[in-house]
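Next come the chains, spelled out residue by residue.
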Amino acid sequence: MSATDPGSEPSLGVDTSEDTLRRLREAFNTGRTRPAEFRTAQLQGLGRFLQDNKQLLQDALTKDLGKSTLESDISEIILCQNEVDLALKNLQHWMKDESVSTNLLTKLSSAFIRKEPFGLVLIIAPWNYPLNLMILPLVGAIAAGNCVVLKPSEVSKNTEKVLAELLPQYLDQSCFAVVLGGPEETGQLLTHRFDYIFFTGSPRVGKIVMAAAAKHLTPITLELGGKNPCFVDDNCDPQTVANRVAWFRYFNAGQTCVAPDYILCSQEMQEQLVPALQNAITRFYGDNPQTSPDLGRIINQKHFKRLQGLLGCGRVAIGGQSDEGERYIAPTVLVDVQESEPVMQEEIFGPILPLVTVRSLDEAIDFINQREKPLALYAFSNNDQVVNQMLERTSSGGFGGNDGFLYLTLPTLPLGGVGNSGIGRYHGKFSFDTFSHQRACLLRSPGMEKLNDLRYPPYGPWNQKLLSWAMGSQSCILL
Amino acid sequence: MERQVQRLRQAFRSGRSRPLRFRMQQLEALKRMVQEREKDILAAIAADLSKSELNAYSHEVITILGEIDFMLANLPELASAKPAKKNLLTMLDEAYVQPEPLGVVLIIGAWNYPFVLIMQPLVGAIAAGNAVIVKPSELSENTAKILAKLLPQYLDQDLYAVVNGGVAETTELLKQRFDHILYTGNTAVGKIVMEAAAKHLTPVTLELGGKSPCYIDRDCDLDIACRRITWGKYMNCGQTCIAPDYVLCEASLQDRIVQKMKETVKDFYGENIKDSPDYERIINLRHFKRLQSLLEGQKIAFGGETDEVTRYIAPTILTDVDPNSKVMQEEIFGPILPIVSVKNVDEAINFINDREKPLALYIFSHNNKLIKRVIDETSSGGVTGNDVIMHFTVNSLPFGGVGASGMGAYHGKYSFDTFSHQRPCLLKGLKGESINKLRYPPNSQSKLSWAKFFLLKQFNKGGLVMLMVACLAVVAAVIVKEYL
């Protein structure tokens, strides 16, 4: 399956998308993906893919995004390995039928929820964490027993190549396939019928995916984005806050869907925060961040130019340099920005951090609530009350108090948006549940028919009374 | 209509619907409404479906009272934050998932169980803390009117509203932005609802339909099976989304099935079915004519009588039905039961799998292994073995479809979850910054090892030493957090 000419696009031979889909669907219908042994073998294959090709993957990620080894490890490779291990460890448990309680009318019956695969799943991954955002959903889809079509992002070319050429070699190719292409090919792909679509990307494309899914009544999970607000209270240590915010903002050169997008704070706090941010940036990346091996690069020219444009908003307090040859943008802090400026109108997705001043917590909350629900929301304060207020009076996909998106590393917390930032969620068991149909099953015995007589016509008034009693939950106590 | 949605959104934004006390008050008011105005409600349902008030009670009202009681008893638990297991890195933090309301929810009902299909989702949406617009089906006019009259009398009028109307009004409503839409109805309109929702990235729950197969095994208690199937098929004159749509069985069973069901029909509805108060009528002329056309060219083993004036269609069974005929191409939604013969269970399974995934699937057999096999080798929204319909009544089971029969589920706690956003929260303190130094650049090999240690579950040889050092670090952090 590997391309013979190193410079050419990886190809899947003469297999067209339609043939691929048909082939995978047929494989699913044979029941091949259902036994636990099969799923375990595939997950183990996935684990080996990550181990065998670690260096290759790190190199690809560096070429695509300038990611340092540490960033590649902690935000991509290790997280993928953990997810595989978690699924392997818990698969039997997750797959089990879930028993539920019954009412009096259905006592002596067995009621349970059967977890079933949907069938043919499509996973569309973006370019910013091209390995993580492909593999993590894939783990869930495989664990749940589905066949999967993977559509990696064509923008992160090098990772796409590794995924297309090597990943299929570790999986059963009758059940899993990688499909390549740009927006046009993806649009084509979306006209076909899938049993589930998992999409990570922008809200704009999310709408297109959902509209396409609607034509086939395909259920979806959309992991989208937005502007993630970061409120900094006056009552805090500016340096600690600056360290944490800077780390999460400039990680992956800001190209993270859950990164703090902009800061809301008072004028007084801003005056303390700016020098603290400068300290943090210098400490992390040195006096000339362009020479630091720990700072990533912008994915491509289009986004580089877009971000360069944003540097003109407000006033540059820190950074502001850029280098087109390297697609480098300095860790930047902007102040005096207006709400109407582009930097406050679109998701930044780059190493630029605007500070917006507000006069109070209430004003910050109003500011946030007037906008679309973000994927993440952050609040920094020594005062628990302040953090809780922010939490209770806003809505967002997830919430971090006094830190950034660390909650992502906890597989017991789901990752997902709400409103414009997305539909559905995943990670850990939540992935398994996302890719499973929960089928309600009630198995009765042919006996106990006398009890059923209550429900048969012809009816008298006593039917009504007895039925209410039998169907109520309180009546369970009797048996 | 835009203004109405805006009004509800403002009311939601005020935060009034969030305190548990408020939600419980609204649910209690709803319960009072059902109890105090029972007569009016039953009369409306009865008028729409030519249903006896007793049937209206047992089909619809019982379920709602049960659902409200469930919510009142369980709301505190359902709405509480659920703690999440933490890892080493987050050991000292608070990690939990907090259920939150979504905002303004739209519930579109159907005409066949016009009361319960509005009220049951409404109970869930209120319990989850949302503002709600309900749009009852215009085909069940009387229930639509009574809901429009009663709901505002008992519920907070700024947070909950009833919108009535036909296709034009529904289309207008679907242009507005909602935070969740729950739709009960048919597949074609389901697609339209999802497309409209896509414009606003609104999550949807679609309770649709399909042809729910009923497989009768040779080895089963045929008396019981036929009794139960007769009950489930002809209740509400077959107009039930989870009614057994058609029967699959070996040819040799057909005649006995017909005979037993015929006897059961007589037991249930008497000699002159038209006179039985327990037998309903078809909702309107259009559906009546549609059902009449399904009988054309079919072998009617039993029943088949129709009366256009009263929209009466007798309990009917068709035998030796051709799978390609019209009656096997659409969801019947009427009192007509086709029997399609298959050679064995393998053929039955293939027959089912060649078609769209149904909302419900039924299997009658003494052989538990066979039942399990049919479940294992097919898919459907839900299953009842050795009975029909009943999985709907167990509210610890989610009720929903899959594939063409729908997406999402509700009932009981699943309603609450459907209408909530489950928000993950991780709360740290601002102290303990020393541990964080590990993650900050400039990076080095040792930092990488530490990072791996904290994130990877497996320890390598040096792990034990790291473990001890980590414990010390944690102890230090605890001291810092608690005492400094």
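These numbers come from a predicted model, not from an experiment. (Residues numbered from 1 in each chain as written. Chains lettered and ligands numbered in written order. Predicted model: local features only at pLDDT ≥ 70, side-chain atom pairs only at ≥ 80, totals over all residues. Heavy atoms only, no water.)

Asks: In this structure, what is going on with the overall build of chain B? I would like to understand it.
Replies: Looking only at helices and strands, one finds 17 helices and 18 strands in chain B. When contacts within chain B are restricted to residue pairs at least 6 apart in sequence, long-range pairs at least 24 apart make up 71% of them. Working note: accessible area of chain B is about 18,400 Å², and carbon and sulfur atoms make up 54% of it. (Helix = DSSP H or I, 4+ residues; strand = E, 2+ residues; numbered from the N terminus. Contact = heavy atoms within 4.5 Å. Areas by Shrake-Rupley, 256 points an atom, 1.4 Å probe, with all protein chains shown as cover.)

Asks: Would you take a moment to explain the overall build of chain A for this structure?
Replies: Tallying secondary structure elements over chain A gives 16 helices and 18 strands in all. In terms of overall dimensions, chain A has C-alpha extents of about 85 × 60 × 35 Å along its principal axes. Taking all 479 residues of chain A together, the buried fraction comes to 63%. For chain A, the accessible surface area stands at approximately 17,300 Å², while carbon and sulfur atoms represent 52% of it. Here chain A holds 43 positive side-chain charges and 52 negative ones, and the gap between their average locations is 9 Å. (Buried < 20%, exposed > 50% of the residue type's maximum accessible area, 1.4 Å probe, protein only. Lys, Arg positive; Asp, Glu negative; His and termini not counted. Charge placed at Lys NZ, Arg CZ, Asp CG, Glu CD.)

Asks: What is the right way to look at the pairing of strand E4 (residues 147-151) of chain A in this model?
Replies: Regular strands have side chains that alternate between both faces of the sheet. Residues and elements named next belong to chain A. For E4, the buried fraction is high: five of the five residues fall into the buried class. Here E4 shows a buried face lined by Cys-147, Val-149 and Lys-151 and a second buried face lined by Val-148 and Leu-150. The pairing of strand E3 (residues 120-124) with E4 spans five bridges and is parallel. Bridging across to E4, Leu-122 finds its partner in Val-149. Sheet topology places E4 next to strand E5 (residues 176-178); three bridges connect them, and they run parallel. Each bridged residue has a counterpart across the sheet, and for Val-148 the counterpart in E5 is Phe-176. As for the winding sense of the linkage, the β-α-β connection from E4 through helix H6 (residues 157-170) to E5 is right-handed. (Pairing = 2+ DSSP bridges. Right-handed = clockwise from strand over helix to strand, strands pointing away.)

Asks: Help me out: how do you make sense of the interface of chain A and chain B in this one?
Replies: How big an interface is tends to be reported as the loss of accessible area on association of its parts. Taken together, the contact pairs 113 residues of chain A with 102 residues of chain B. Our enumeration of links across chain A and chain B arrives at seven salt bridges. Of the charged contacts in the structure, one is a salt bridge between Arg193(A) and Glu356(B), with a shortest N-O distance of 3.0 Å. Joining chain A to chain B, the criterion identifies 37 residue pairs in polar contact (both at pLDDT 80 or more). (Salt bridge = Lys/Arg side-chain N within 4 Å of Asp/Glu carboxyl O. Polar contact = N/O pair within 3.5 Å; in protein donor to acceptor, adjacent residues only side chain to side chain.)

Asks: Sorry if this is basic, but what is going on with the pattern of salt bridges here?
Replies: Pairs can form between side chains of opposite charge whenever their charged atoms are close. Summed over all chains, the structure comprises 52 salt bridges over all chains. The shortest N-O distance in the salt bridge between Arg290(B) and Glu330(B) comes to 2.8 Å. Residue Arg290(B) is found in helix H11 (residues 285-294), and its partner Glu330(B) is found in the loop between strand E13 (316-319) and strand E14 (336-341); the two are separated by 40 residues along the sequence. Connected through salt bridges with shared partners, the residues Arg444(A), Arg455(A), Arg228(B) and Asp387(B) form a single ionic network.

Asks: Can you help me understand the packing of aromatic side chains in this one?
Replies: Where two aromatic rings form a pair, the distance of their centres and the angle of their planes describe that pair. Enumeration over the complete set of coordinates arrives at 22 aromatic pairs over all chains. Each ring, one from Tyr279(B) and one from Tyr312(B), has its centre 5.9 Å from the other, and the planes form 70°; the classification is edge-to-face. With Tyr279(B) in the loop between helix H10 (254-269) and H11 and Tyr312(B) in strand E12 (residues 312-313), this pair connects stretches of sequence that are 33 residues apart. Each of the two residues, Tyr279(B) as well as Tyr312(B), counts as buried. Plain terms: the ring middles of Phe392(B) and Phe399(B) are 4.8 Å apart, the flat faces sit at 80° to each other, and that makes the pair edge-to-face. Residue classification places Phe392(B) among the buried residues on the basis of a relative accessible area of 16%. Sitting over the ring of Phe367(A), Arg371(A) keeps its end group 3.8 Å from the ring centre. (Phe/Tyr/Trp six-rings, centres within 6.5 Å; stacked < 30°, edge-to-face > 60°. Lys NZ or Arg CZ within 6 Å of the ring centre and 35° of its normal.)

Asks: Got a minute to help me understand the environment of Ser68(A) in this structure?
Replies: Locating Ser68(A) in the fold gives a position in the loop between helix H3 (54-65) and helix H4 (69-95). A C-alpha to C-alpha distance of 20 Å links Ser68(A) and Leu163(A), two positions 95 residues apart in sequence.

Asks: Would you mind going over the sheet that holds E13(B) with me for this structure?
Replies: Hydrogen bonds between backbone groups are what pair the strands of a sheet, and the pairing can be parallel or antiparallel. Taken together, ten strands build an open sheet; the order of strands is E1(A)-E2(A)-E18(A)-E16(B)-E15(B)-E8(B)-E9(B)-E14(B)-E13(B)-E10(B) and the sheet is mixed. Because the sheet does not close on itself, it has two edges, and the strands there are strand E1 (98-99) of chain A together with strand E10 (299-302) of chain B. Here strand E15 (residues 360-364) of chain B runs beside strand E16 (residues 382-385) of chain B; their pairing, made up of four bridges, is parallel. Bridge pairing in E16(B) places Leu361(B) opposite Val383(B). Relative to the sheet, helix H9 (residues 222-234) of chain B contacts strand E8 (213-216), E13, E14 and E15 of chain B, its axis offset from that of E14(B) by approximately 135°. (Axes fitted to C-alpha atoms, helices over the stretch in contact; angles between N-to-C directions.)

Asks: What am I meant to see in the UniProt feature "domain: Aldehyde dehydrogenase" (unreviewed entry) in chain B here?
Replies: Within the UniProt annotation, "domain: Aldehyde dehydrogenase" (unreviewed entry) is assigned to residues 3-421 of chain B. The straight-line gap between the two end C-alpha atoms of residues 3-421 of chain B is 25 Å; of that span, 43% is helix and 17% is strand. (UniProt positions renumbered as here; feature names shortened; annotations may be inferred.)

Asks: What is the right way to read the domain arrangement of chain A from this model?
Replies: Residues and elements named next belong to chain A. Examined at the domain level, chain A breaks down into domain 1 (17-225 + 427-437), domain 2 (229-414) and domain 3 (446-475). Centre-to-centre separation of domain 1 and domain 2, based on C-alpha positions: 30 Å. Taken together, the 20 residues of domain 1 in the interface contact 24 residues of domain 2. Carbon and sulfur atoms make up 60% of the area that domain 1 and domain 2 hide from each other, which totals about 1,900 Å². At the junction of domain 1 with domain 2, the criterion picks out zero salt bridges. The tally of links from domain 1 across to domain 2 stands at six residue pairs in polar contact (both at pLDDT 80 or more). Residue classes in the side of domain 1 that touches domain 2 are distributed as nine nonpolar, eight polar and three charged. (Domains from an automatic or database assignment. Buried area = accessible area lost by both parts, 1.4 Å probe. Nonpolar A, V, L, I, M, F, W, Y, C, P; charged D, E, K, R; others polar.)

Asks: What am I meant to see in a nonpolar patch on the surface here?
Replies: There is a patch of nonpolar side chains on the surface, built from Leu108(A), Met448(A) and Leu451(A) and spanning about 290 Å² of accessible area. Note on placement: Leu108(A) falls in the loop between E1 and strand E2 (110-117). (Patch = residues over 30% accessible without salt bridge, like charges linked within 9 Å, V, L, I, M, F, W, Y side chains within 5 Å.)

Asks: I'm lost on the packing of helix H12 (residues 361-369) of chain A against helix H13 (residues 384-392) of chain A in this one. Help?
Replies: Each packed pair of helices is defined by two parameters, the angle between the axes and the distance between the axes. Residue and element names in this part refer to chain A. At their nearest, the axes of H12 and H13 sit 10 Å apart, and the two run at 25° to each other. In terms of orientation, H12 and H13 fall into the roughly parallel class. The element H12 and its partner H13 pack so that their crossing is right-handed. Across the interface between the two elements, Leu-361, Ala-364, Ile-365 and Ile-368 from H12 touch Val-386, Gln-389 and Met-390 from H13. Of the residues belonging to the contact of H12 with H13, the class tally is six nonpolar, one polar and no charged. (Parallel < 35°, antiparallel > 145°, perpendicular 65-115°, else oblique. Left-handed = near helix turned anticlockwise from the far one by under 90°.)

Asks: Help me understand the sheet that holds strand E8 (residues 229-232) of chain A, please; the structure alone is not making it clear to me.
Replies: Strands sit in the order E10(A)-E13(A)-E14(A)-E9(A)-E8(A)-E15(A)-E16(A)-E18(B)-E2(B)-E1(B) across an open sheet of ten strands; the sheet is mixed. The open sheet terminates on both sides in strands that have one partner only, identified here as strand E10 (315-318) of chain A together with strand E1 (82-83) of chain B. Summarising the sheet, strand E2 (residues 94-101) of chain B and strand E18 (residues 420-427) of chain B pair through eight bridges and their orientation is antiparallel. By the bridge assignment, Glu100(B) is partnered in E18(B) with His421(B).

Asks: Explain the side chain of His59(B) here, please?
Replies: All names here are of chain B. Structurally, the position occupied by His-59 is in helix H4 (residues 53-79). Accessibility expressed as a relative area gives 13% for His-59, which makes it buried. Leave out the neighbours within four places in its chain, and His-59 touches Lys-51, Tyr-113, Met-235, Asn-236 and Glu-280.

Asks: Would you mind showing me how to read the confidence of the model for chain A here?
Replies: Predicted coordinates in regions of low pLDDT should not be interpreted in detail. Residue and element names in this part refer to chain A. The share of residues in chain A with pLDDT of 70 or more is 93%, and the mean pLDDT across the chain is 92. Scored below 50 in pLDDT, residues 1-14 shows 18 contacts in the model against residues more than four places distant or in partner chains. Every residue in residues 473-479 is under pLDDT 50, and counting partners more than four places away or in other chains gives ten contacts. (pLDDT = per-residue confidence, 0-100.)

Asks: Can you help me understand the UniProt feature "active site" (unreviewed entry) in chain A in this one?
Replies: Residue and element names in this part refer to chain A. Mapped onto the present numbering, the UniProt feature "active site" (unreviewed entry) falls on Glu-223 and Cys-257. In sequence the annotated residues extend across 35 residues, while in space they remain close, none of their C-alpha pairs exceeding 9.0 Å. With respect to the helices, strands and loops of the structure, Glu-223 is situated in strand E7 (residues 220-223). Beyond its immediate stretch of four places on either side in the chain, Glu-223 contacts Phe-198, Phe-199, Thr-200, Gly-201, Leu-415, Gly-416, Ser-421, Gly-424, Arg-425 and Tyr-426. Looking at the element boundaries, Cys-257 is found in the loop between helix H9 (238-250) and strand E9 (262-265). A residue is classified by how much of its surface remains accessible, and Cys-257, at 17% relative accessible area, is buried. What Cys-257 contacts, discounting residues up to four positions off in sequence, is Asn-128, Leu-224, Asn-228, Glu-347, Phe-349 and Leu-375.

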